[in-house]
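Understanding the architecture of this molecule
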Amino acid sequence: MQFSFHDSAINASSTSDLIPALRVKDLAFYYGSQKAIESVSMDIYQGQVTAIIGPSGCGKSTFLKALNRISELEGVVRVEGQVEFFGQDIYSRQVNLNRLRRQIGMVFQKPNPFPSSIYDNVAYGVRVFSRPNRVSLDETVESALRSAALWNEVKDNLSKSALGLSGGQQQRLCIARALAVKPKILLMDEPCSALDPIATMKIEELIDSLRHELTIAIVTHNMQQASRVSQYTAFFSTDESRIGQLVEFGATTQIFMAASQSRTRDYVQGRFG
Amino acid sequence: MTASPEPAKKSISRDMLQGVNLTGQEGNHSLVDQGFTWLVQGVSVSVVVILGWMSWVIFGQARPAIEQFGLGFLWTQNWDVNELVFGALPYIYGTLVSSAIALFIALPIGLAVAIVTSESFLPPWLRSPIAFIVELIAAIPSVIVGLWGIFVLIPFLQPIQQWLFQHFSWIPIFNSEPAGPSMLIAGIILAIMILPTIAAISRDVLIAIPKELRSASASLGATPWETTFRVLLPSAISGILGAAMLGLGRALGETMAVTMVIGNSDQISLSLLDPGNTIPALLANQFAEASDGLHIGALMYLALILFALTLIVNMIAIVMVKFLSANGQS
Ligand SMILES: Nc1ncnc2c1ncn2[C@@H]1O[C@H](COP(=O)(O)OP(=O)(O)OP(=O)(O)O)[C@@H](O)[C@H]1O
Ligand SMILES: [Mg+2]
């Protein structure tokens, strides 16, 4: 199989020059009493795109949702180990969940715009935290929509319902909505899985342009996409115990061309379940 | 250049047609199917017929009163069985006011119950019991609610009514010495009776909102309450309105419990601490003794008005729901 890599991935700087925006240490995650992932340790470097790949059910979404504690909406969950956000333990008691989630934004697999206007969707996060005046809010909305490459398509219809947009536009709207609160990290869970190749390409370009402003972690089932957009890649998998584990983490070129584990090689070459 | 070879054309052979047959009678014209279709159509038509028939009978019986009093019936105040002078205003007023009080109390409480039992503000082991108990209120026969009103609620609320009168009598709605039964108590009883309707429907509407919207809101840093007020309630607004209108419809028509606690006074009073009367309560009280044609006619005229009131409420509800969902809210 042939992969094309991102320029910056080919000349990836050594990891010692990079600052970890998130540092995960020996993380285990439980839904009720059911362990979903265990002993995951890896860094998500600032200003880089980290791809998370692996077979279905290996805990990629679980891992991502543990990074901004959105998983806690899903009932009784438990975490062992540590996740540090620029050195601060996100599971510490002092952490304000709402602040945490504001700084670590999320884009979901299925586009989930609110049933309100395009403008109100993007303005939502800003309005929750402050009482912005109209002018500055307008500016924020416009720049978020521009960053998400959606501005030109919707600028004349900002007051129209977001539900009237196409799936790809809705997903870019969700990205704009997440960007409007100026997060430090953006977690994306299979953001292109419901989109056609053109919309997918737009989102990939978008990810690339955002890389300079923020850190991105993206779950994807599309190996080509992982190789195109990311600088680092984490490969998750499960064994007989059905508990997800991190098999290998490294520079994207290395994972795709010279993985040290045979399971990784098999998976990226498509020789795995 | 070599063009790709033309695929050899084959004609459809007999073998291929084996089992390929799109015509036939089975399925759509079977007797059971046909019979069931007729049955369902018959039932739905008969519902409409019964409704029309009922209105026709009521209208027919109301004729004498309609001819005698005309539309003036709606805004005159006398109700004298001996003199055969009838005016509907006190009962229309009482019906509307007691139902409005009921809605005013039951809507916020019902919504609160719906919110705490559908979202994760309470631990799960508390949520379902609360929802269940509130829904159970709907199963209490209205005579029992009325008895409870007389023996428990009135004695319990009488001091509060006194207190309202003593401290707030400068507000017109509390401007009379309470004697026990009152418009306020009737409103509260009605509120209790329509609470389960409002709570249960609003809860179902809230639960039906996709989980993804909650995650989206939380991932933008909203607290559960902010999510509730900014996303969930706006998304559920048409359903909640529907619930409120259904509750209002029930309150307008409720008879037994209201008769027992409202005091059955034919005077219109602004004060909610005064007794009053409603259309259904008056019908229940007087219909058995009514013998004169005009008296029966007046009562039937009232019934017709009640019918129209509930119809209007339901039509407003439908229009509002349509309007709100057309605005992309739902
Ligand atoms: N809300 C939940 N409650 C209980 N178990 C869950 C929940 N969500 C996921 N799981 C379990 O956790 C494991 C990992 O699921 P997860 O969704 O993280 O996998 P994934 O790698 O994202 O898969 P996919 O590629 O199909 O999205 C699975 O065994 C799943 O059954
Ligand atoms: Mg997943």
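Procedures and definitions
Residues numbered from 1 in each chain as written. Chains lettered and ligands numbered in written order. Predicted model: local features only at pLDDT ≥ 70, side-chain atom pairs only at ≥ 80, totals over all residues. Heavy atoms only, no water. UniProt positions renumbered as here; feature names shortened; annotations may be inferred. Helix = DSSP H or I, 4+ residues; strand = E, 2+ residues; numbered from the N terminus. Buried < 20%, exposed > 50% of the residue type's maximum accessible area, 1.4 Å probe, protein only. Lys, Arg positive; Asp, Glu negative; His and termini not counted. Salt bridge = Lys/Arg side-chain N within 4 Å of Asp/Glu carboxyl O. Polar contact = N/O pair within 3.5 Å; in protein donor to acceptor, adjacent residues only side chain to side chain. Contact = heavy atoms within 4.5 Å. pLDDT = per-residue confidence, 0-100. Near = heavy atom within 4 Å. Areas by Shrake-Rupley, 256 points an atom, 1.4 Å probe, with all protein chains shown as cover. Nonpolar A, V, L, I, M, F, W, Y, C, P; charged D, E, K, R; others polar. Axes fitted to C-alpha atoms, helices over the stretch in contact; angles between N-to-C directions. Parallel < 35°, antiparallel > 145°, perpendicular 65-115°, else oblique. Left-handed = near helix turned anticlockwise from the far one by under 90°. Pairing = 2+ DSSP bridges. Core = buried A, V, L, I, M, F, W, Y, C linked by side-chain atoms within 4.5 Å. Buried area = accessible area lost by both parts, 1.4 Å probe. Phe/Tyr/Trp six-rings, centres within 6.5 Å; stacked < 30°, edge-to-face > 60°. Lys NZ or Arg CZ within 6 Å of the ring centre and 35° of its normal.

In the nomenclature of an unreviewed UniProt entry, chain B corresponds to Phosphate transport system permease protein from the organism Phormidesmis priestleyi ULC007. Quoted verbatim from the Subcellular location (unreviewed entry) heading of the UniProt record, the comment on chain B is "Cell membrane".

Within an unreviewed UniProt entry, the label attached to chain A reads Phosphate ABC transporter ATP-binding protein, and the organism entered is Phormidesmis priestleyi ULC007.

Time to look at the side chain of Arg101 of chain A. Tracing the backbone shows Arg101 of chain A in helix H3 (residues 97-103). Buried charge Arg101 of chain A goes without a salt bridge, the closest partner of opposite sign being Glu72 of chain A at 4.6 Å. There is a polar contact of 2.7 Å between the side chain of Arg101 of chain A and the backbone oxygen of Arg69 of chain A. When residues no more than four places from it in sequence are discounted, the contact partners of Arg101 of chain A are Asn68, Arg69, Ile70 and Glu72 of chain A together with Ala218, Ser219 and Gly221 of chain B.

Those places that UniProt annotates as "domain: ABC transporter" (unreviewed entry) correspond, in this numbering, to residues 22-268 of chain A. The span residues 22-268 of chain A is 37% helical and 27% strand by assignment, and the distance between its end C-alpha atoms comes to 25 Å.

For the rest of this paragraph, the subject is the confidence of the model for chain B. Within chain B, residue pLDDT values average 88, and 93% of them lie at 70 or more. Among the prediction metrics, the complex's ipTM stands at 0.89, with pTM recorded as 0.82.

Below, the discussion takes up the site of ligand 1. Residue and element names in this part refer to chain A. Inspection of the region around ligand 1 gives Tyr31, Ala36, Ser56, Gly57, Cys58, Gly59, Lys60, Ser61, Thr62, Glu74, Glu190 and His221 as its neighbouring residues. The contact in question runs from an oxygen atom of ligand 1 to an N or O atom on the side chain of Ser56, over 2.4 Å. If ligand 1 stood free it would expose 630 Å²; the protein chains cover 63% of that surface. With three residues, helix H2 (residues 60-67) is the largest single contributor of residues to the shell around ligand 1. In terms of residue class, the shell around ligand 1 is made up of three nonpolar, six polar and three charged.

Residue and element names in this part refer to chain B. Contact geometry for helix H3 (residues 89-118) and helix H4 (residues 124-136): axes closest at 8 Å, N-to-C directions at 150°. Between H3 and H4, the interaxial angle falls into the category roughly antiparallel. Here H3 runs over H4; the crossing is left-handed. Residue-level contacts link Val113, Val116 and Thr117 of H3 to Arg127, Ile130, Ala131 and Val134 of H4.

In this section: the pairing of strand E6 (residues 104-107) of chain A. Residues and elements named next belong to chain A. Side-chain alternation along E6 places Ile104 and Met106 on one buried face and Gly105 and Val107 on a second face that is also buried. Summarising the sheet, E6 and strand E7 (residues 185-189) pair through four bridges and their orientation is parallel. By the bridge assignment, Gly105 is partnered in E7 with Leu186.

All names here are of chain A. Considering all chains together, one arrives at 15 salt bridges over all chains under this definition. Asp120 is the partner of Arg127 in a salt bridge, and the nearest nitrogen-oxygen pair spans 2.9 Å. Owing to a relative accessible area of 25%, Arg127 belongs among the partly exposed residues under this scheme. We note a salt bridge from Asp138 to Arg134, for which the minimum N-O separation is 3.6 Å. Here the residue Asp138 and the residue Arg134 both occupy positions in helix H5 (residues 134-147), the gap between them amounting to four residues, near one helical turn. Judged by relative accessible area, which is 53%, Arg134 ranks as exposed. Look at the salt bridges and you will find they share partners, linking Glu153, Arg172 and Lys202 into a network.

Let us now look at the nonpolar core. Counting residues in each nonpolar core, the largest one holds 49 residues, and the members touching the most others are Leu145, Ile175, Leu186, Ile216 and Phe256 of chain A. Setting aside residues no more than four positions away along its own chain, Leu186 of chain A makes contact with Gly105, Met106, Val107, Ile175, Ala178, Leu179, Leu214, Thr215, Ile216 and Ala217 of chain A. In terms of nonpolar packing, the next biggest core, distinct from the first, is built from 37 residues, Ile154, Phe174, Leu184 and Ile194 of chain B among them.

Below, the discussion takes up the interface of chain A and chain B. Accessible area lost on assembly of the parts is the figure often given for the size of an interface. Chain A puts 24 residues into the contact, and the matching count from chain B is 20 residues. The junction of chain A with chain B conceals about 1,800 Å² of combined surface from both sides, 63% of it contributed by carbon and sulfur atoms. Three residues stand out in chain A for area buried against chain B, namely Pro115, Tyr124 and Val128 of chain A, and they jointly supply 30% of the buried area on that side. For the interface between chain A and chain B, the tally reads zero salt bridges. Linking chain A with chain B are three residue pairs in polar contact (both at pLDDT 80 or more). Those elements giving two or more residues to the side of chain A that touches chain B turn out to be H3, E6, helix H4 (118-129) and helix H7 (167-179) of chain A. At five residues, H4 of chain A tops the list of elements feeding residues into the side of chain A that touches chain B.

Another aspect to go through is the pairing of strand E3 (residues 49-53) of chain A. Residues and elements named next belong to chain A. With respect to burial, E3 is a largely interior element, five of its five residues being buried. Neither face of E3 is left uncovered, since the one carrying Val49, Ala51 and Ile53 and the one carrying Thr50 and Ile52 both have all their residues buried. Sheet topology note: the E3/strand E8 (residues 215-219) ladder contains four bridges and is parallel. Residue pairing for E8: Ala51 is matched across the bridge by Ile218. As paired elements, E3 and strand E9 (residues 232-238) share four bridges and run parallel to each other. Bridge pairing in E9 places Ile53 opposite Phe235.

In the structure shown here, the tally under the stated rule is 22 aromatic pairs over all chains. On the numbers, 6.5 Å between centres and 45° between planes, the contact of Phe3 of chain A with Phe5 of chain A is tilted. Just as Phe3 of chain A is buried, Phe5 of chain A falls in that class too. A connected cluster of aromatic rings, assembled from ring pairs, spans Phe69, Phe73, Trp79, Phe86, Tyr91 and Tyr301 of chain B. Over the face of the ring belonging to Phe129 of chain A we find Arg102 of chain A, whose NZ or CZ atom lies 3.7 Å from the ring centre.

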